[in-house]
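Per-entry structural report
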Amino acid sequence: MTTTNSTPPLTPAVLHILLALSSGERHGYGIMKQVETDSQGKVAMGPGTLYGSLKRMLDAGLVKESDKRVDPEMDDERRIYYQITGVGAQALAAELERYQRIVTIAQQRKLYPKTFAYVV
Amino acid sequence: MLYEQDAVRTLYKKLLSFYPRSFQEQLGESMEQTFQDLWNEKRQTKKGLFGFVLWTFIETAMGIFREHLLLISLGDIMQATLKTLGSSALINFLLILPFMMMEVVNRRNFNEDFPILLFFGMWINLFAISLILLPIVRGRRTGNHDMANPVPAQENTLLTNPKSAAMISVVLILAPGILPLLDSLGWEPLERLLNGPNPEQLYVFGVRVPSQFIALLLISLPVAAGIIAGRPIVSTLRAGGSLFVHPINLIIVVFILSTFAIGLANLIIDQWPCFIGVPNCD
């Protein structure tokens with residue numbers, strides 16, 4: 001996968017949604033649950049934030065609507081699924097690379113993981 | 001329980017109808033479904049149902065507010081309305097039309113001419129403001145409205161450029177102030193309209209004109225502060241962030257907006273008796 005340095009940084013909400021969709025198509029509730037799992041319960045995204053971000057991501061072509069279908073693990077209601085696009089995957093990769101660089105810098109400056117020792 | 005669920009779902013659907021139309025059409029159904037899924041999950045655990053409903057409604061209401069704010073700050077409405085000089089002129093006329101109607105109603109018991117010059121002056125002022133705003137709105141079209149860092153767009157935006165924000169706020173405040181100023185200078189039609197007999201020139205130039213300028217500049221300062229304080233909030237919202245990322249800025253903006261709203265409401269309440277035709281009102 002190629003990444004671009006020109007991709008601007010993503011907001012935490014957008015990053016979490018892209019991360020959740022990177023492992024497969026999901027509906028709104030599925031995205032929420034995945035975000036909760038990925039963040040070990042530390043990020044609780046409400047419908048307002050989720051769909052506000054999804055709207056801008058759809059407009060920017062980072063995600064797209066998939067077909068409407070029934071989730072076999074839930075009831076028989078048909079739900080709209082969302083999937084990550086090529087552009088979205090690139091943006092996610094670029095963002096993760098950026099995080100990686102920050103962690104590397106922090107390690108070089110001996111800030112991480114030693115920082116936690118100072119707390120004690 | 002089923003009745004309760006239906007009632008809450010209906011209420012949530014009503015709440016979703018407050019989203020901008022395009023948003024509602026694109027994502028309304030999904031949001032409703034997601035709310036239903038969250039409700040079912042909470043119902044199964046049988047705890048914190050009230051807290052969940054309260055939190056979801058507040059969070060969604062904030063989302064609605066954010067979407068409307070974004071719609072306005074992205075200039076969609078302004079771009080449409082200020083597209084041409086002709087529409088600007090028309091819109092400005094429509095803006096002063098209620099005041100003209102109020103004037104007609106207020107003067108129905110007096111034998112005086114309709115103050116056409118006053119309203120022409122008001123219209124010219126508003127038109128001048130829209131002419132100032134027009135290039136800024138056009139400039140915004142080249143901006144970057146990504147959900148990511150909106151920095152490249154900042155140079156072109158009214159709300160992200162402190163200099164233009166300050167300039168616009170001063171113009172916005174000073175422009176309507178031109179009329180009382182002309183009145184102070186003894187411009188006869190306005191003089192007759194607003195003050196009756198001509199006041200002494202020394203008093204006018206020595207006290208009224210400077211004090212009016214100082215007062216107008218003092219009012220323009222909080223407006224500029226409000227616009228400048230609103231910059232990071234707009235940038236964060238445009239980037240898909242939370243409304244509460246800049247709490248101090250939010251407090252400043254809310255404070256300034258409520259102060260102006262209260263002032264406007266007081267003015268309307270104060271003038272309402274005149275509007276409804278109470279005799280000897282002032």
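Keep in mind that this is a model prediction, so the values were computed, not measured. Every chain's residues receive numbers from 1 upward, in the order its sequence appears when written. Starting at A for chains and at 1 for ligands, labels are handed out in the order in which the entities are written. Totals for whole chains, interfaces and linings use every residue, but because this is a predicted model, local features are given only for residues with pLDDT of at least 70 and side-chain atom pairs only at 80 or more, for both listing and counting.

Right, let's get into the overall build of chain B. Put simply, DSSP marks the helices as runs of H or I at least four residues long and the strands as runs of E at least two long, and each gets a number from the N terminus on. Counting its secondary structure elements, chain B contains 10 helices and zero strands. Overall, chain B shows an N-to-C arrangement of helices and strands of α-α-α-α-α-α-α-α-α-α. For chain B, with 282 residues in total, the buried portion stands at 19%. Here the contact rule is simple: place C-beta atoms from the backbone, and any two residues whose C-beta atoms are within 7 Å are in contact. Taking all contacts inside chain B whose residues are at least 6 apart in sequence as the whole, residues at least 24 apart take part in 61%. With C-beta atoms placed from the backbone, the exposure class of a residue follows from how many other C-beta atoms lie within 10 Å of its own: 20 or more, buried; 12 or fewer, exposed; in between, partly exposed.

Before going further, it helps to spend a moment on the confidence of the model for chain B. Of all residues in chain B, 49% have pLDDT values of 70 or greater, and the mean over the chain is 68. Per the prediction output, this complex has pTM 0.51; the corresponding ipTM is 0.82. pLDDT measures the predictor's confidence residue by residue and takes values from 0 up to 100.

In this section: the confidence of the model for chain A. Of all residues in chain A, 88% have pLDDT values of 70 or greater, and the mean over the chain is 85. Taking the mean pLDDT of every element in chain A, the minimum, 50, falls on helix 5 (residues 115–119) of chain A and the maximum, 94, on helix 1 (residues 12–21) of chain A.

A few words now on helix 4 (residues 86–108) of chain A. Residue and element names in this part refer to chain A. Take the number of residues in a helix, subtract one, and multiply by 1.5 Å to get its expected span. The first and last C-alpha atoms of helix 4 sit 33 Å apart over 23 residues, in line with the 33 Å expected at 1.5 Å per residue. Every buried residue belonging to helix 4 is among Gly 88, Ala 91, Leu 92, Ala 94 and Glu 95, and all of these are buried. Packing partners of the buried residues in helix 4 comprise helix 1, strand 2 (63–70) and strand 3 (78–84).

Residues and elements named next belong to chain A. Where strand 1 (residues 26–27) and strand 3 come together, two bridges link them in antiparallel fashion. The residue of strand 3 that forms the bridge with His 27 is Tyr 81. Examined bridge by bridge, strand 2 and strand 3 share six bridges and lie antiparallel to one another. Bridge pairing in strand 3 links Arg 69 to Arg 79. At least two bridges found by DSSP between two strands are what make those strands a pair.

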